[in-house]
Amino acid sequence: MANIKLDKLTKSYGPTEVLHHIDGEIENGEFIVIVGPSGCGKSTLLRMVAGLETVTTGEVSIGGKVINDLEPADRDIAMVFQNYALYPHMSVEQNMAYGLKIRKLSKDEIKRRVEEAADILEIRDYLKRKPRQLSGGQRQRVAMGRAIVRDPQVFLFDEPLSNLDAKLRVQMRLEIRKLQRRLGVTSIYVTHDQVEAMTLGDRLMVLNGGYVEQFGTPIEVYEKPASVFVAGFIGSPSMNFVSATAKDGILTLPNGATLPSNTTATGSVTLGIRPEHMVLKSGGVLKIEVDLPEQLGATTLVHGRIAGSETPFTASLNGIQTAGNGDVLEFDTPIDQLHIFDAETGKRIP
């Protein structure tokens, strides 16, 4: 177990730079989630730590030792892949033991480690089965078991749950988190699923186009997103964005409505409001013309537009709401839940 340091990492393919000066320190035993849309560079970054991609410039350190030039096998890491990467002709036990056998550990030590990992993952009954005889969740446990027996300094997870159905994904992500806490191994987990990121990570590294937009705890990223991109990516349903004009703490919306705020900004800004922070109130400042109510049982998502404009807007309300197409609902939102961003740069204005 060790800390990881990423120091000004870049990755280029020919003249095209795909990762731009990535910085970050991961503490010993910390669980970090790298999250972002497809193509943002998150898997490439993980593979650079693993040694499967070369570093163009910058340094990767594990436990204070620069590992840029070390082969993957010499980095003392274990990686869990999206497609499980199990040997189909080997039993579960043989799959888990194979890496230890290559390292020439004794048969007794291999047996001890495999059985210990199998007990942790509750797959001892499947040790003699072949991968084709297992469900997706069981195969993923085997892939994790193969990583556990290595007893590495670092775990790397590359979208390991993306092949599972929704219910099993929820179950497996809880098991992964409990397992990581139990073992205390420094871990980096890559996903495009922001719900997965929020529930798993001690901290989130949000990537966009090869740049780090924000690196902080899930609550920091949710409550104080550093940019319009982060605000729109983290949170479900996504944050609403409205063009506004700020002056003397008053925000003027496209339809002429005004909102009090605590911003000191002046001029054109982007106002962000999360759907769950909308409060139904007769006489409320925000008037939403309903296009479609989405009944989810415990909550209702009201999709519509700010009345008098074409600006789309979504509100998340508790329980079942009966508003229909064309109805106008009035809302307020707490001043401390308003997010103000620079209209040009998209960066957060404190």
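Everything below is about the structure shown above.
Reference entry: report on the structure contained in this document.

Parameters at a glance
- Residues numbered from 1 in each chain as written.
- Predicted model: local features only at pLDDT ≥ 70, side-chain atom pairs only at ≥ 80, totals over all residues.
- Heavy atoms only, no water.
- Buried < 20%, exposed > 50% of the residue type's maximum accessible area, 1.4 Å probe, protein only.
- Helix = DSSP H or I, 4+ residues; strand = E, 2+ residues; numbered from the N terminus.
- Patch = residues over 30% accessible without salt bridge, like charges linked within 9 Å, V, L, I, M, F, W, Y side chains within 5 Å.
- Areas by Shrake-Rupley, 256 points an atom, 1.4 Å probe, with all protein chains shown as cover.
- Salt bridge = Lys/Arg side-chain N within 4 Å of Asp/Glu carboxyl O.
- Contact = heavy atoms within 4.5 Å.

**Considering helix 1 (residues 42-50)**
With 7 of 9 residues buried, helix 1 is to be regarded as a mostly interior element. One or two positions beyond helix 1, positive phi appears at Gly-51, with a value near 95°.

**Here we look at unusual backbone geometry**
Only a minority of non-glycine residues have a phi that is not negative, and only a minority of peptide bonds are not trans. The omega torsion across Ser-236 and Pro-237 is -5°, close enough to zero to call that bond cis. Along the chain, Pro-237 falls in the loop between helix 8 (228-233) and strand 11 (240-247). Phi is positive for Lys-104, close to 65°, though the residue is something other than glycine. With respect to the secondary-structure elements, Lys-104 resides in the loop between helix 2 (92-102) and helix 3 (107-121).

**What about a nonpolar patch on the surface?**
A cluster of nonpolar side chains, contributed by Tyr-87, Tyr-98 and Ile-102, occupies part of the molecular surface with about 280 Å² of accessible area. Positionally, Tyr-87 belongs in the loop between strand 6 (77-80) and helix 2.

**Some words on the side chain of Gln-180**
Along the chain, Gln-180 turns up in helix 5 (residues 166-183). With relative accessibility at 4%, the residue Gln-180 sits in the buried group. If we ignore the near neighbours within four places in the chain, the residues touching Gln-180 are Gly-29, Glu-30, Phe-31, Val-185 and Ser-187.

**What about the pattern of salt bridges?**
Enumeration over the complete set of coordinates arrives at 19 salt bridges. With a shortest N-O distance of 3.7 Å, Glu-53 and Arg-47 are connected by a salt bridge. Its relative accessible area of 28% is what places Arg-47 among the partly exposed residues. Where Arg-177 meets Asp-202, a salt bridge forms, and the shortest distance between an N and an O atom there is 2.4 Å. Of the two residues, Arg-177 sits in helix 5 while Asp-202 sits in the loop between helix 6 (194-200) and strand 9 (203-208), which places them 25 residues apart along the sequence. Overall, Asp-202 belongs to the partly exposed group, its relative accessible area being 28%. The network of salt bridges with common partners includes Glu-109, Arg-112, Arg-113 and Glu-116.

The values are spatial; any link to function lies outside them.
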